[in-house]
Amino acid sequence: MQNAKFIWFDGKMLPSEQAQVHVLTHALHYGSAVFEGIRAYACADGTSAVFRLEDHCKRLINSAKIMRLEVPFTAEQLVAACIETLKANKLPEGYVRPLSFVGHGEMGVYPGNNPVQTIIAAWAWGAYLGAEALEKGIRVKTSSFARSHVNTSMSKAKAAGNYINSILAKVEAKEDGYDEAVMLDTNGYVSEATGENIFIVRDGVIKTTPWTSILGGLTRDSVMKLARDLGYTVEEQQFTRDEFYIADEAFFTGTAAEITPIRELDHRQIGVGHAGPVTKHLQKEYFAIVKGENPKYEGWLHRFTI
């Protein structure tokens, strides 16, 4: 990851070293922030395309609503600011991070009248789980940490504080020699990974955990629609980790992870031990879409030029 040269901060484009907050900022102490992860891709025709930018900005506003944060910008203003930030950093492709957070003011859990501030950063970022992972797949383990109950921390908000749960699981997985963690819900069913949604393939049917108990990823939503358009049967259904063990294929989806195959779970090889035919098919079609090579899905792209 490379440092951003400029960061959009409450409507102003600042050199990154000037984009600072007070050490007593509420969000730093209590996790009172919401954020998004968005990718921009360089296209063959010389333009760039941000994938589902409008939907990401709408979700940021919805996350803020859930967390009772009054963001002083509209989704449309955030869309424009994301493009402005990419252009300021001369990034034809990269990762975009909008963040709205409770700023400096009253201390204590109650945020009171503290201002809600917003930043947008962008930087060059390759494959989140490693370039080889897209073909060879990754090794994962079932975490000892359960995904938080739906009435504990509001699963539909992409809130910073929720990610303590993910950090614990990710550190455990990495220290045990794995690439990522699979987290179960409080009833023992497969939920999601630390920052990705989960799909398995068995007997030609693609299955993913229901939206009711997870953060509904936009990449997850896109892959479900794409797979159905390609003629696959896609089901939202709870499944257990032993069903995961005997899947023909499995993969993660997410803005950062894109479509990353899983080759092993808890020392059990998944399918052939690398990206299977369904996963490869979806990867090929997905990357064609995000790079502007499939006009059927042009509505998912926000085009711009540097």
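Residues numbered from 1 in each chain as written. Predicted model: local features only at pLDDT ≥ 70, side-chain atom pairs only at ≥ 80, totals over all residues. Heavy atoms only, no water.

Quick look at the overall build of the protein
Applicable threshold: Strands are runs of DSSP state E lasting at least two residues, helices are runs of H or I lasting at least four, and both sets are numbered from the N terminus onward. To get the radius of gyration, use the C-alpha atoms; to get the globule rule, take the number of residues to the power 0.38 and multiply by 2.2 Å. Per-residue accessibility, obtained with a 1.4 Å probe over protein chains only, is compared with the maximum for each type, and a residue is labelled buried under 20%, exposed over 50%, and partly exposed between these values. Any two residues whose heavy atoms approach within 4.5 Å are treated as being in contact. Surface accessibility in these figures is a Shrake-Rupley result with a 1.4 Å probe; residues are shielded only by whichever protein chains are displayed. Positive charges are assigned to Lys and Arg, negative charges to Asp and Glu, while His and the chain termini are left out of the count. The atoms used to mark charge sites are NZ of Lys, CZ of Arg, CG of Asp and CD of Glu.
Summing up its helical and strand segments, the protein has nine helices and 17 strands in all. A compact globule built from 306 residues would reach a C-alpha radius of gyration of about 19 Å, and the protein, at 19 Å, matches this within 12%. When the backbone C-alpha atoms are referred to their principal axes, the protein occupies close to 55 × 50 × 30 Å. Counting the 306 residues in the protein, one finds 53% classified as buried. Across the protein, the fraction of contacts at a sequence separation of at least 24, relative to all contacts at a separation of at least 6, is 71%. For the protein, the exposed surface amounts to about 14,100 Å²; the carbon and sulfur share of it is 52%. Within the protein, the 36 negative side-chain charges are centred at a point lying 1 Å from the centre of the 32 positive side-chain charges.

Let's talk about the environment of Val223
Looking at the element boundaries, Val223 is found in helix H7 (residues 218–229). Sequence separation between Val223 and Val234 is eleven residues; the distance between their C-alpha atoms is 9.8 Å. Apart from the residues within four sequence positions on either side, Val223 is in contact with Phe199, Phe251, Thr253, Ile259 and Leu282.

Regarding a nonpolar patch on the surface
Stated formally: By definition, no residue in a patch forms a salt bridge, and every one has over 30% relative accessible area; like charges are joined within 9 Å, nonpolar side chains (Val, Leu, Ile, Met, Phe, Trp, Tyr) within 5 Å. Definition used for salt bridges: Asp or Glu carboxyl oxygen within 4 Å of a side-chain nitrogen of Lys or Arg.
A surface patch of nonpolar side chains, about 590 Å² in accessible area, is lined by Val23, Leu24, Leu28, Tyr30, Met107 and Val109. Here Leu24 shows up in the loop between strand S2 (12–15) and helix H1 (26–30).

Considerations on the packing of aromatic side chains
Worth spelling out the cut-off: Centre distance within 6.5 Å is the pairing criterion for rings of Phe, Tyr and Trp, where only the six-membered ring of Trp is used; planes under 30 degrees apart are then read as stacked, over 60 as edge-to-face, and the remainder as tilted. Note on geometry: a ring has a charge over it if NZ (lysine) or CZ (arginine) is within 6 Å of the ring centre and within 35 degrees of the ring normal.
Applying the stated criterion across every chain yields a total of eleven aromatic pairs. For the pair Phe51 and Tyr286, a centre-to-centre distance of 5.6 Å together with 80° between the ring planes defines the contact as edge-to-face. Highlighted residues: Phe51 in strand S5 (residues 48–51) and Tyr286 in helix H9 (residues 277–290), separated in sequence by 235 residues. Side by side, Phe51 and Tyr286 carry an identical accessibility label, which is buried. In textbook terms, an aromatic cluster arises when at least three aromatic residues are bridged by ring pairs, as seen for Phe51, Tyr286, Phe287, Tyr297 and Trp300. The lysine or arginine in question, Lys156, covers the ring of Trp211, its NZ or CZ lying 4.6 Å from the ring centre. We note Arg268 situated over the ring of Tyr245; from NZ or CZ to the ring centre the distance is 4.1 Å.

Observations regarding the packing of helix H2 (residues 53–66) against helix H3 (residues 75–88)
Formally: An axis is simply a line fitted to the C-alpha atoms; with a helix, the fit covers only the stretch in contact. Between two such axes, the angle follows the N-to-C directions and lies from 0 to 180 degrees. Oblique is the label for every angle not falling under 35 degrees (roughly parallel), over 145 degrees (roughly antiparallel), or within 65 to 115 degrees (roughly perpendicular). Take the far helix as your reference; a near helix turned counterclockwise from it by less than a right angle gives a left-handed crossing, and one turned clockwise gives a right-handed crossing. Residues are grouped as follows: Ala, Val, Leu, Ile, Met, Phe, Trp, Tyr, Cys and Pro are nonpolar; Asp, Glu, Lys and Arg are charged; all remaining types, including Gly, are polar.
Packing of H2 against H3 brings their axes to within 9 Å, and their N-to-C directions diverge by 125°. Of the possible angle classes, the one that applies to H2 and H3 is oblique. In terms of crossing hand, the pair formed by H2 and H3 is right-handed. Where H2 abuts H3, its residues Leu53, Glu54, Cys57, Lys58, Leu60 and Ile61 lie against Ala75, Leu78, Val79, Cys82 and Ile83. Looking at the contact of H2 with H3 residue by residue, the classes come out as nine nonpolar, no polar and two charged.

Quick look at the domain arrangement of the protein
What counts here: Segment limits for the domains were obtained from an automatic or database-derived domain assignment. Accessible area that two parts lose when put together, with a 1.4 Å probe and added across both, is what the buried area reports.
Each assigned domain of the protein is listed here: domain 1 (4–121) and domain 2 (129–289). The centre of domain 1, based on its C-alpha atoms, is set 26 Å off from the matching centre of domain 2. Note on domain 1 versus domain 2: buried area summed over both sides is about 1,600 Å², and carbon and sulfur give 62% of it. Between domain 1 and domain 2 we count two salt bridges in total. One salt bridge connects Asp221 with Arg52, and the closest N-O pair in it is separated by 2.7 Å. The set of elements that each furnish at least two residues to the side of domain 1 that touches domain 2 consists of strand S3 (33–35), strand S4 (38–42) and H2. Take the side of domain 1 that touches domain 2: its biggest share by element is five residues, from H2. Among the residues forming the side of domain 1 that touches domain 2, the class breakdown is nine nonpolar, four polar and five charged.

What to know about the layout of surface pockets
Which entries qualify depends on this criterion: Both site types are read off a 1 Å grid over the protein atoms alone. A 1.4 Å probe that fits but cannot get out defines a cavity, while an open set with protein on both sides within 12 Å along at least five of seven lines defines a pocket; lining residues have an atom within 4 Å of a point. Grid points are joined across faces, edges and corners, and a volume is the space filled by probe spheres set on the points.
By volume, the largest pocket is sized at about 820 Å³. Forming the walls of the largest pocket are 39 residues, and the residues nearest its centre are Phe35, Lys158, Tyr163, Thr194 and Gly195. Of all the elements in the fold, those that place two or more residues in the lining of the largest pocket are H2, strand S6 (94–102), helix H6 (163–175), strand S10 (190–193), H7 and strand S14 (249–254). Here the element with the most residues in the lining of the largest pocket is H6; it accounts for five residues. Of the residues that constitute the lining of the largest pocket, the class distribution is 15 nonpolar, 17 polar and seven charged. Shared between two domains, the lining of the largest pocket holds at least three residues of each, these being domain 1 (4–121) and domain 2 (129–289).

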